[in-house]
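So the chains spell out like this:
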Amino acid sequence: MKKSDAGKRYRVVANTRARLGQVMTPPPLAKALVCLMGSQGGNWLELGSGSGRLAEAVNSGAAPASYLGVEVEPAIIALSPSLPGFRFVQQDVLAVDALAKTLELKQFDHVIGNPPYGIHGFSTEATSRLHQLCPGLETHGNWAPIDLYFVLESLARLTPTGSAAFIVGADIPCGSQSQQFRKMLLDKASEVECYELPPTAFGTYAEVQAYALIARYGNTRARHVSLGRLNDQLEVTALRRVSLAQAIESMDLSNHEFVEIDAALRKNSRGLTMKDMDVSIVRGSRTRAQFALLGVAHFHTSDFPRSGMEVSFDTAPSPDFQQATVGDILLPRVGTRCLEHKAVVVSGQAPYSEAVFRVRMPAKHHERMVRWITSAECSVWRRAAARGACAKHLTVSTLLSMPVPR
């Protein structure tokens, strides 16, 4: 991935903004978040305001009385829009005392944000603040999701009847370490919605599993949570309600869909899995870049056929690398956009990249396994089973646990 306005990524570099993994929000996504939030008027706060993309969307769609953006990089603040009632200040959100002095005791009607994400190492003061904002939160020393810190600090400034909207990484809605936060959110909010964003939400150069998290507060408490999914046009294409207990476990719609799909398949397969059928699953030997440097022809995720499933190789044997040969099934290991692909080798042999799995099985199970793995139902299962904060991926253990219907 490259540094651009297209999305956000994990980075460890000297520049503060880059190090924190924060890049400007694409305008269509900013507009969609404000639309999902549905709030109007009032005083707004954004921690980590960047160049003001969300501010512009709020100005266009929510008629705010005032807007305060807090951003760590002065050069980025200089790019922010000049709008009546909008103010942008330079401050590090992770500097606990300095932020408190900047915001004083002000409360805001609405908070919004697309904070940096990824697991971050906090100072002692910031770690203490994190636990103060969410008692009982699971952390690993002073390491925790940085977007969770921004979300908690924002919610702490919200009026009792306010609303909130955030673009967050997978840790907050899906991570086991964030369960205490989800429980606290549901204990206090009146309405909670969580939408899975499409892989294209941040542009074609970024592949990130991200979510729009919406919370509204009032005099009642949430009795259920609405989980949804947005398509490439950022329109809601799926929506369902889950119980509070289910939402504490996960606010990922795909996860709940997978539980249902998996249960039905296991019933149909009578508990038989790929592991039970002595299937072998082996990851490729080298990355695509390594093979390219070596000048070795190989099969990569971009080589999966877009129509049909048969592939043939005419390369010479390469005993130094894992080989795919006649009868093998090839599956993508990683890549949100390609996980449904599959291929059956019908002639020749060739090395394959570490982004690909080779699947082999005993001859007595070959016909059944090929029929199942190349089916549309298997593709649905694999997509639903994939996990990951950036590009979704599958593991060997996950695939070996896959039920095989009769």
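Here goes a summary of the coordinates provided.

What counts, and where the lines are drawn
- Positions within a chain are numbered from 1, following the residues in the order the chain's sequence is written.
- Local features are withheld for residues below a pLDDT of 70 in this predicted model, meaning they are given only at 70 or higher, and side-chain atom pairs are given and counted only at 80 or more; totals for whole chains, interfaces and linings count all residues.
- Heavy atoms from the whole structure form the basis of all side-chain values; hydrogens and water molecules are not counted.
- To qualify as a helix, a DSSP run of H or I must reach at least 4 residues; to qualify as a strand, a run of E must reach at least 2; elements of each kind are numbered from the N terminus.
- Radius of gyration here uses only the C-alpha atoms, and the compact-globule reference equals 2.2 Å multiplied by the residue count raised to the power 0.38.
- Exposure is judged per residue with a 1.4 Å probe applied to protein chains only, and the accessible area is read against the type maximum: over 50% gives exposed, under 20% gives buried, and values in between give partly exposed.
- In what follows, a contact means two residues having at least one pair of non-hydrogen atoms within 4.5 Å.
- The method behind every accessible area is Shrake-Rupley, applied with a 1.4 Å probe, and residues are considered shielded solely by the protein chains displayed.
- When charges are counted, Lys and Arg contribute as positive and Asp and Glu as negative, whereas His and the chain ends are disregarded.
- All charge positions are set by atom: Lys at NZ, Arg at CZ, Asp at CG, Glu at CD.
- Between any two strands, pairing holds if DSSP finds at least two bridges.
- Note on geometry: axes are lines fitted to C-alpha atoms, helical ones only across the stretch in contact, with angles between N-to-C directions running from 0 to 180 degrees.
- One fewer than the residue count of a helix, multiplied by 1.5 Å, yields its expected span.
- Salt bridges are counted wherever a side-chain nitrogen of Lys or Arg sits within 4 Å of a carboxyl oxygen of Asp or Glu.

1. A short note on the overall build of the chain
Across its full length, the chain holds 15 helices and 18 strands. Computed over its C-alpha atoms, the radius of gyration of the chain comes to 24 Å, within 12% of the 22 Å expected for a compact globule of 406 residues. Dimensions of the chain, computed from C-alpha atoms along their principal axes, come out at roughly 70 × 45 × 40 Å. A burial count over the chain gives 57% of its 406 residues as buried. Looking at the chain alone, contacts between residues at least 24 apart form 70% of all its contacts between residues at least 6 apart. Approximately 17700 Å² of the chain is accessible, and the part contributed by carbon and sulfur atoms is 52%. Once the 44 positive and 37 negative side-chain charges of the chain are each reduced to a mean point, those two points are 2 Å apart.

2. Focus on the sheet that holds strand β9 (residues 210–216)
The strand order across the open sheet formed by nine strands is β3-β2-β1-β4-β7-β9-β8-β10-β11, and the pairing between neighbours is mixed. Bordering the open sheet on either side are β3 (86–90) and β11 (236–242), each of which pairs with just one other strand. For this sheet the average axis-to-axis angle between neighbouring strands, irrespective of direction, equals 15 degrees. For strand β7 (residues 158–169) and β9, the ladder comprises seven bridges, and the chain directions are antiparallel. Of the residues in β9, the one forming a bridge with Ser163 is Arg216. With respect to the sheet, helix α9 (residues 179–188) is in contact with β8 (191–196), β9 and β10 (225–230), its orientation differing from that of β9 by roughly 30 degrees.

3. Remarks on the sheet that holds strand β16 (residues 343–347)
Taken in spatial order, the five strands make up an open sheet running β12-β18-β15-β16-β13, and their pairing is mixed. Where the open sheet ends on each side, the last strands, each with one partner, are β12 (280–283) and β13 (310–312). Taking each pair of neighbouring strands and ignoring which way they run, the sheet shows an average axis angle of 35 degrees. Of the pairings in the sheet, the one linking strand β15 (residues 329–332) to β16 comprises two bridges and is antiparallel in character. Note on β16: the bridge partner recorded for Ile329 is Val344. Running at roughly 30 degrees to β15, helix α13 (residues 366–373) makes contact with β15, β16 and β18 (356–360) of the sheet.

4. Brief notes about helix α11 (residues 253–269)
The end-to-end C-alpha separation of α11 is 24 Å, in line with the 24 Å expected for 17 residues at 1.5 Å each. When α11 is considered as a whole, its buried residues turn out to be Leu253, Ser254, Asn255, His256, Phe258, Asp262, Leu265 and Ser269. Structurally, α11 contributes buried residues whose contacts are with β8, β10, β11, α10 (244–249), α13 and α14 (376–385).

5. Re the pattern of salt bridges
Taken as a whole, this structure holds 14 salt bridges when the rule is applied. One salt bridge in this structure joins Glu340 and Arg383, with 2.9 Å as the shortest N-O distance. Of the two residues, Glu340 is situated in the loop between β15 and β16 and Arg383 in helix α14; the sequence distance between them amounts to 43 residues. In this structure, a network of salt bridges that share partners links the residues Glu196, Arg229, Glu257 and Lys392.

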